[in-house]
Structures are given as C-alpha cells and as structure tokens.
Amino acid sequence: MFRNKIVQNASWIIIGKNVQSALAFIVNILTARYLGPSNYGIINYASSIVVFVIPIAYLGFNNTLVQEMTKNPDDEGQILGTSILLSLLSSVACIIGVITFAYISNPGDSITIWVVAIYSMILIFQVLDLIQYWFQAKLLSKYSSIVALIAYTVVSAYKIVLLINKKSVYWFAAANVIDYMLIAIMLLYIYKKLGGKKLSVNFNKGKIMLNRSKHYIVTGLMVAIFSQTDKIMLKQMIDESATGYYSAAISIASVSSFIYVAIIDSFRPVIFQNQENTVQFELNLKRLYSIVIYLSLFQSLLMTILSRFIVGILYGKDFSASVSALQIVVWYTTFSYLGSIRNIWMLAKEKQKYLWIINLSGAMLNVVINLLLIPVLGINGAALASLMTQFFTNYVMGFVIKPIRENNRILMESLNPKYISGLIKRG
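Scoring rules and cut-offs
- Residues numbered from 1 in each chain as written.
- Predicted model: local features only at pLDDT ≥ 70, side-chain atom pairs only at ≥ 80, totals over all residues.
- Heavy atoms only, no water.
- Phe/Tyr/Trp six-rings, centres within 6.5 Å; stacked < 30°, edge-to-face > 60°.
- Helix = DSSP H or I, 4+ residues; strand = E, 2+ residues; numbered from the N terminus.
- Contact = heavy atoms within 4.5 Å.
- Axes fitted to C-alpha atoms, helices over the stretch in contact; angles between N-to-C directions.
- Parallel < 35°, antiparallel > 145°, perpendicular 65-115°, else oblique.
- Nonpolar A, V, L, I, M, F, W, Y, C, P; charged D, E, K, R; others polar.
- Salt bridge = Lys/Arg side-chain N within 4 Å of Asp/Glu carboxyl O.
- Buried < 20%, exposed > 50% of the residue type's maximum accessible area, 1.4 Å probe, protein only.
- Patch = residues over 30% accessible without salt bridge, like charges linked within 9 Å, V, L, I, M, F, W, Y side chains within 5 Å.
- Areas by Shrake-Rupley, 256 points an atom, 1.4 Å probe, with all protein chains shown as cover.
- Left-handed = near helix turned anticlockwise from the far one by under 90°.
- pLDDT = per-residue confidence, 0-100.
- Core = buried A, V, L, I, M, F, W, Y, C linked by side-chain atoms within 4.5 Å.
- Expected span 1.5 Å × (residues − 1).
- Bend = angle between axes of the 7 residues up to and from the residue.

1. Digging into the packing of aromatic side chains
Step number 1: Going through the model one piece at a time under the given rule, you end up with nine aromatic pairs.
Step number 2: Aromatic side chains Y34 and F172 sit 5.9 Å apart centroid to centroid with 40° between the ring planes, which places their arrangement in the tilted category. Of this pair, Y34 sits in helix α1 (residues 2-58) while F172 sits in helix α8 (residues 169-193), placing them 138 residues apart in sequence.
Step number 3: Between Y40 and Y315 the ring centres are 6.5 Å apart and the planes differ by 50°, which places this aromatic pair in the tilted class.

Take a look at the structure:
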C-alpha cells in the first residue's frame, strides 16, 4: 500500500514533468541563444525579484494546506477559498512593491522596469495554483500534472512563434504570465469536475490558518533571499550579462528538480497520515531522505564531469563563462532538497517557530558571502555563496538548534542505502 500510493502518484507527476521539463529546457535554451546573455539576464532578474515576494503572496499556505485538508477534509472548500482570497490580496500588494523596487533600483532603465512589471503579473494567477495542494492531499496529482503539461505545451509553442518572428524581450516576459493563467483556469475547472467542494471564505478560519502558516512567510522570504539574492546582486554589482551566465548555470543544475519535487510531494501526504505512528513516520522520512540524497549526489558528480560539454552543447560558446559556476553550484542542490524534507518533519512536530532562525541565519550569511566574493570571483563567487549557504542552513543549523537535532539524526541514519532497497522490496 505504501509503495502503491507513493509510486503511482509520483509516476504521474514525473511522466508529465519529464515532457514539460524537456520542453522547458529546449525552449529556454533557444530563448537564451536568441536573447543573448544580456536580455536573458534581464528576464532572470525579473524572475528573481518576483520569486523574492512569492512567500509573501502565498502567506505560507503552500506549506500547510496539505496537512490542513488531510486533517479537516470536510472543510476543504473553506480552507481553499479562504487561502486563495487572502493570497490574492497579498499578491496585489506584492506587485506594487516589485514594480516600485525595479523603478528605484534601475533608474532610467525602461527595458528592465517594463519586463519586471509584465513578469510580476504571474502573481495574480499563481494564487490559484494553491488548488494543486488539494490534488496532493487526495493523491490525485496526475490531474495537476496533466494540466501543467498542457499549459506549458501551449506556452512553448507560443514562445517558438515569438522566436520565429524575432519578438522583443517583453513578449517573452508575457509568456510566463500566460502559462500561469492557463494553469489557474484548468486547475479550477478540474477541481470542480472532480467534486471539489464549493470555495467559500471564513475569516475566522483564515486567522487560524495564518497562525499556523505565518512562520513560513518569513521562512520563505529568507529562503528567497539566499536563493535569489545572487542574481539580483550580480545585476546590480556587475551587469545583466553576469546574471545571464549565472542563470544558465542554475538552469542546468536544476534541470531535474521536478523529479525531486515529485518525490517529495508524493511522500508528503503519506508522511502526515502516519505521523502518529513514530516508527512508520521515521521510516517514511528515512526512505525519502535516502532516495533524494543518493539521486542528487549522482547527478552532481555527473554534471561536474560533463559541465563544459553540457554548456557548450546547450547554450553555445557565448555562455562559456557559465561552466565554472555550474561545477560549483550543482552541488548545492542536494542540501536544498534536504531542507524541503526537514520542513515536512518540522511541520509534523510543530517546530515551525525555529524556521525563521534557520533561514534568517542563512539569508544573512548569503548576503555577506555574496558581498565578499562577487567583487573578487564574479559569478563563481555567487555560486560558492549559494553552496555554502545551503550547507549551513539545511545541515549545520540542524545540529546548532537543539530541538531539531532529532531530524538530523533521521537524516544521518538515512545514509544507509537499505532504505532505498527497502522501498523497492516493499512493493
């Protein structure tokens, strides 16, 4: 039963995401080659600023909705409706803030300001993406996977048309908005077709939900700081081309991230369902940790060895400066995924209050290291800053903060490969 729930749900996500990832990678490479390091850097700069405020827009609900609906299935309509409305109001404020930041930090650079303004519109439609957590809670992720695949296929075709017609960078910024808009419309339609309860708003329930999710707002913001600050600082301290080179390296390093997201998302509801059974709860976590650790380490080693070949084939000689950054930054992926799993444990154990300490420490460390290393090492300095921050935040801090050392014990025990083989044999 365990394997069937996990593997079946993950399989739908992975199959859909495989095709989506292939399309995304191909189209992004073509887009990067067409736009060049400079304009490609502007697009990624806009993306980084928007990603920066997504935790505020979501109000932390993306981290708690699965558990909320698993515990209170009769109230799922109120839970979803309330979270969507509150997130929508927050998103509008975030859009205003993003445009204001772009205007102040890039005076006279109308291209960057307009690209950021257009790109920020995804925040409106991304709110409805919260519905995907209903599909996760019900282990029906195949539907949200199909929706995402259809939407991205349409948008990929649209981007190819833009490439053929040699459209400006503004059109490519708008393409991302269309993607989220299509996903939002289709998710809402399928939710209703599958018998999802009528969405409604209950502000009292909203207060209770916010009380549980508020820790994740600051946490998500801090994570955004040390995951996006490097791109923003490269643009401000060097130029948009540096952001373009670095973004290409990040894009390659995270090309298979959908696999890890699918695995973690599929384990999440099963882990929560068994959280009262300590033995089974820890076993599920160890299995999840084990498979993520060994898969990501294998990927990092392979990409390090083949980095020059990969960059040359995919992005061309114009992006050769990305090679050394890729060899460094690819190793940070393992630690970032460990943080996602740790957050599941912390939510189950009601330890969310420590998240802000962990991520505030990481955010401060990241900014300091970037300030020190970017002027000396350029994009390689940003890559080192990312690696050091992820290691410190998602591993070292687990030993520093006593109440969460139990999770690090589980993590260390998961290094035993028997947990992967045990998962396979269980089926």
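2. Observations regarding the environment of I291
Step number 1: Within the secondary structure, I291 sits in helix α12 (residues 278-314).
Step number 2: Along the primary structure I291 and Y260 are separated by 31 residues, whereas in three dimensions their C-alpha atoms are 9.2 Å apart.
Step number 3: In this structure, I291 is in contact with I263 and I420, ignoring residues within four places of it in sequence.

3. Some thoughts on the packing of helix α2 (residues 61-71) against helix α3 (residues 76-105)
Step number 1: Relative orientation of the contacting elements α2 and α3 amounts to 170°, with a least axis distance of 10 Å. In this view, α2 runs roughly antiparallel relative to α3, as classed from their interaxial angle. Residues F61, L65, E68 and M69 of α2 touch α3, and the partners they reach there are E76, I79, L80, S83, L86 and S87.
Step number 2: Of the residues belonging to the contact of α2 with α3, the class tally is six nonpolar, two polar and two charged.

4. Remarks on the pattern of salt bridges
Step number 1: Going through the model one piece at a time under the given rule, you end up with five salt bridges.
Step number 2: The shortest N-O distance in the salt bridge between K286 and E413 comes to 2.5 Å. Of this pair, K286 sits in helix α12 while E413 sits in helix α17 (residues 405-413), and the two are 127 residues apart along the sequence.
Step number 3: For K286, a relative accessible area of 10% puts it in the buried group.
Step number 4: Its relative accessible area of 32% is what places E413 among the partly exposed residues.
Step number 5: Each of E282, K286, R409 and E413 takes part in salt bridges that share partners, so that together they form one network.

5. What to know about a nonpolar patch on the surface
Step number 1: On the surface, F298, L301, L302, I305, L306, F309 and I313 cluster together into a nonpolar patch covering about 740 Å² of accessible area.
Step number 2: Within the secondary structure, L302 is located in helix α12.
Step number 3: With relative accessibility at 41%, the residue L302 sits in the partly exposed group.

6. Quick notes on the packing of helix α15 (residues 355-377) against helix α16 (residues 379-400)
Step number 1: As a packed pair, α15 and α16 sit with axes 8 Å apart at the nearest point and diverge in direction by 160°. The orientation of α15 with respect to α16, classified from their angle, is roughly antiparallel. Seen along the crossing, α15 lies across α16 with a hand that is right-handed. Residues I357, I358, N359, S361, G362, L365, N366, I369, N370, L373, I374 and L377 of α15 touch α16, and the partners they reach there are I379, N380, G381, A382, L384, A385, S386, M388, T389, F392, T393 and M397.
Step number 2: Here the residues of the contact of α15 with α16 sort into 14 nonpolar, 10 polar and no charged.

7. Points about the environment of Q228
Step number 1: Within the fold, Q228 resides in helix α9 (residues 203-237).
Step number 2: Note on Q228: relative accessible area 10%, which makes it buried.
Step number 3: As for Q228 and S48, which are separated by 180 residues in sequence, their C-alpha atoms are 5.3 Å apart.
Step number 4: Setting aside anything within four residues of it in sequence, one finds Q228 in contact with S48, V51 and F52.

8. Description of the confidence of the model for the protein chain
Step number 1: Looking at the protein chain as a whole, its pLDDT mean stands at 83, while 93% of the residues score no less than 70.
Step number 2: Averaged pLDDT values over the elements of the protein chain bottom out at 61 in helix α18 (residues 418-426) and peak at 92 in helix α13 (residues 322-329).

9. A short note on the nonpolar core
Step number 1: Of all hydrophobic cores here, the largest spans 113 residues; its most connected members are L65, I252, L288 and Y315.
Step number 2: Looking at this core element by element, the count peaks at 15 residues for α1.
Step number 3: Excluding anything up to four places from it in sequence, Y315 contacts I29, A32, R33, Y40, A248, S251 and I252.

10. Comments concerning the side chain of N370
Step number 1: For N370, the position within the fold is in helix α15.
Step number 2: By relative accessible area, which is 0% here, N370 ends up buried.
Step number 3: Here N370 is in contact with D230, M233, P375, G381, A382 and A385, once residues within four sequence places are set aside.

11. Quick word on α15
Step number 1: Between its terminal C-alpha atoms α15 stretches 31 Å, which fits the 33 Å expected from 23 residues at 1.5 Å a residue.
Step number 2: Of all the bends in α15, the greatest measures close to 25° and is centred on N370.
Step number 3: Those residues of α15 that sit buried are L355, I358, N359, G362, A363, N366, I369, N370 and I374.
Step number 4: Backbone geometry just downstream of α15 places G378 in the positive-phi region, at approximately 65°.

12. Things to note about α8
Step number 1: When the terminal C-alpha atoms of α8 are compared, their 37 Å separation across 25 residues agrees well with the 36 Å that a helix rising 1.5 Å per residue should span.
Step number 2: Note on α8: the residue one or two positions beyond its end, G195, has a positive phi of about 90°.

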